[in-house]
Structures are given as structure tokens and as C-alpha cells.
Amino acid sequence: MKNIAVIGAGTMGNGIAHTFAQFNYNVQLIDVSQAALDKGIATISKNLDRMVAKEKISEDDKIQTLANITTFTSIKEGVKYASLVVEAATENVTLKSKIFKELDEVCSDDTILATNTSSISITQIAAVTNRPTQVIGMHFMNPVPIMKLVEIIRGYNTSEDVMNFTVDLTKKINKIPVEVNDYPGFVANRILMPMINESIETLYNGVAGVSEIDTVMKLGMAHPMGPLQLADFIGLDVCLSILNVMYDGFKNPKYAPCPLLVNMVMAGKLGVKSGEGFYDYSKSRKAETVAKMFS
């Protein structure tokens, strides 16, 4: 296996492409938008420059990594020779199902189809294909080139061979695979998102301010980043989507998203990606607490 197709050139997609390419796999990076592809390649190049500056890789390594990536705006053309496809599109079950249905039609019969979903059922996605035994979850953590963990999620019909192959491949790109079963939120987000949601509830109820909540969690719980700032980096829309998946899946009110989170997403305050969330990123990359009161 030398050809890996990655669908989606956004934050997760370009990170996954970067990682495979750095380990000398031929990567076909696919996105419907040429502008998104150009931005994705620019991000990969910038991240590689940081690695060169820190002497983690050489300039030749950077050049080779970029040379290993080819971009496509057509799924059919991009997956033609792929042994594995990793889908990293927006966290939306309708969109992912549409992509997997198309992949099933255009990929070779032995191609493995993986999704980078952080919460959506692998079994549900696999059900739109004629190869459910070859569908699996590969949930990379952000930022992908740095974070070691990959949740490997077994769908109801995922074969043992596909599971073993995916675990082995994950190790070959210097990641640590953790096998989990297919339930809403898997492990990472089933634990993380209720904590983030409760932090937002704490703010919503006026118990403390943004920086105070984050400081308590950083200094009191030894978290490297406070939960509200982390939510900004994940994207408040993504947090809302994951919470909705878990709430729909478990029908348990503890997963119901805080009204403040819902309102912020409706208002377009999505965190780093929009320039403002619980912190203001409009003037500097360094987070500064948004001055206005949340209510």
C-alpha cells in the first residue's frame, strides 16, 4: 500500500495528508474547491517549515513530503489508485453518507474506506456502501502531525483483517492506535464534550468568567489548555455537532448542548476559524478574552 487518498483539505484533511506524505506514502488530496486545496498545501508547507526550523526534519525532507502529495478536485480521479481512502469532510452525516456512496461506486473492490469522524456511527456510514466489512473509523487528533493518538473505530460489520491492517498502518506513521467500539462520541469525545459543555454551562449560569474557568482547569487539573479555549480551537460548530450526535444517539439529557453554545454558533461565533468565540482572535493569534458579557 503506497497510495492513500484523503478527502477534504481542511484542518484535519491537510494534517492527515501531511502525516502520510511525511512517511513517504503517495497522497492524493481531494477537495471540490481548488482554493481549499491551495490553502491546504500552503498550510502543510508552513507546518513543515516549522519542523525544519526546529531541526526535526531537513529541508530535503520537506521537499520530498510536498512532492508526495498530488491534489484533485474530482473524487473519481483522486481515488483511482488508492488502497485506502480517509474521508475528512465536515462532521455531517448526510455529507459523509453521500461521499461514501460515491466512493463505493468508484473505488476498486479491495479499497478500504475510512472516516475521520469524531462522533458519527461507523455502522451508519458503512450501511450506504456494498462493502461494510471494509469501512472503519480513523479518528485522528488535532493537530494531526503532532498528536500521537488515533482512535480506530470498529463498525458492526468491520472485518478483523481490516481492523488489524488499520492498526498496523497507524503504527507505521508513528501514531498510537487505540481500538474502540462504535457508540456515539466513541471514547475521546464522549468524555471531552460533556466537560466542555459543562464549562459553557458554568459560564452561562454566571458562576465565573471565561478566563477564570480556564485558569481553574489549567492550574487545578493540569490541563494544558482550558476547556473554553479548547472549544474555540476545535470549533464551536464542531462541538455543537458532536453533542447533538451524542444527544440523539443516547437520548440522555446530560448530552444536551448548552443554550449559550447554540446561540454562539447561530451568531457565527465559532472560535478561531471565525476570529471570535469565547476569546477574540481578530487582532492577534494570542487569545484574549472577549470583553462582552455572555448571557
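What counts and how
Residues numbered from 1 in each chain as written. Predicted model: local features only at pLDDT ≥ 70, side-chain atom pairs only at ≥ 80, totals over all residues. Heavy atoms only, no water. Pairing = 2+ DSSP bridges. Helix = DSSP H or I, 4+ residues; strand = E, 2+ residues; numbered from the N terminus. Axes fitted to C-alpha atoms, helices over the stretch in contact; angles between N-to-C directions. Contact = heavy atoms within 4.5 Å. Patch = residues over 30% accessible without salt bridge, like charges linked within 9 Å, V, L, I, M, F, W, Y side chains within 5 Å. Areas by Shrake-Rupley, 256 points an atom, 1.4 Å probe, with all protein chains shown as cover. Salt bridge = Lys/Arg side-chain N within 4 Å of Asp/Glu carboxyl O. Buried < 20%, exposed > 50% of the residue type's maximum accessible area, 1.4 Å probe, protein only. Phe/Tyr/Trp six-rings, centres within 6.5 Å; stacked < 30°, edge-to-face > 60°.

The name that an unreviewed UniProt entry assigns to the chain is 3-hydroxybutyryl-CoA dehydrogenase, with the source organism given as Polaribacter marinus.

Student: Tell me about the sheet that holds strand E7 (residues 149-154), residues and numbers included.
Tutor: Taken together, eight strands build an open sheet; the order of strands is E3-E2-E1-E4-E5-E6-E7-E8 and the sheet is mixed. In this open sheet, the two edge strands, each paired with only one partner strand, are strand E3 (69-72) and strand E8 (176-181). If you compare each strand with its neighbour and ignore which way they point, the axes differ by 25° on average. Sheet analysis places strand E6 (residues 135-140) next to E7, joined by five bridges and oriented antiparallel. By the bridge assignment for E7, histidine 139 is matched with glutamate 151. Contacts between helix H2 (residues 34-53) and the sheet are confined to strand E2 (26-30) and E3, with E3 contributing the most and set at about 165° to the helix.

Student: Describe a nonpolar patch on the surface, naming the residues involved and giving the relevant values.
Tutor: Taken together, the side chains of Leu149, Ile176 and Val178 define a hydrophobic patch exposed on the protein surface, amounting to about 230 Å² of accessible area. You can see isoleucine 176 is positioned in strand E8. Residue class for isoleucine 176 comes out exposed when judged on its relative accessible area of 51%.

Student: Run through the packing of aromatic side chains, naming residues and quoting values.
Tutor: All chains considered together, the criterion is met by four aromatic pairs. Ring centres 5.6 Å apart and planes at 90° place the aromatic pair phenylalanine 20 and tyrosine 25 in the edge-to-face group. Phenylalanine 20 gets classed as buried once you look at its relative accessible area, which sits at 0%. Summarising the aromatic geometry, the rings of phenylalanine 233 and tyrosine 281 are spaced 6.1 Å apart at their centres and angled 85° between planes, so their arrangement reads as edge-to-face. With phenylalanine 233 in helix H10 (residues 227-234) and tyrosine 281 in the loop between strand E9 (279-280) and strand E10 (288-289), the pair connects residues that are 48 residues apart, well separated along the chain. Judged by its relative accessible area of 38%, phenylalanine 233 is partly exposed.

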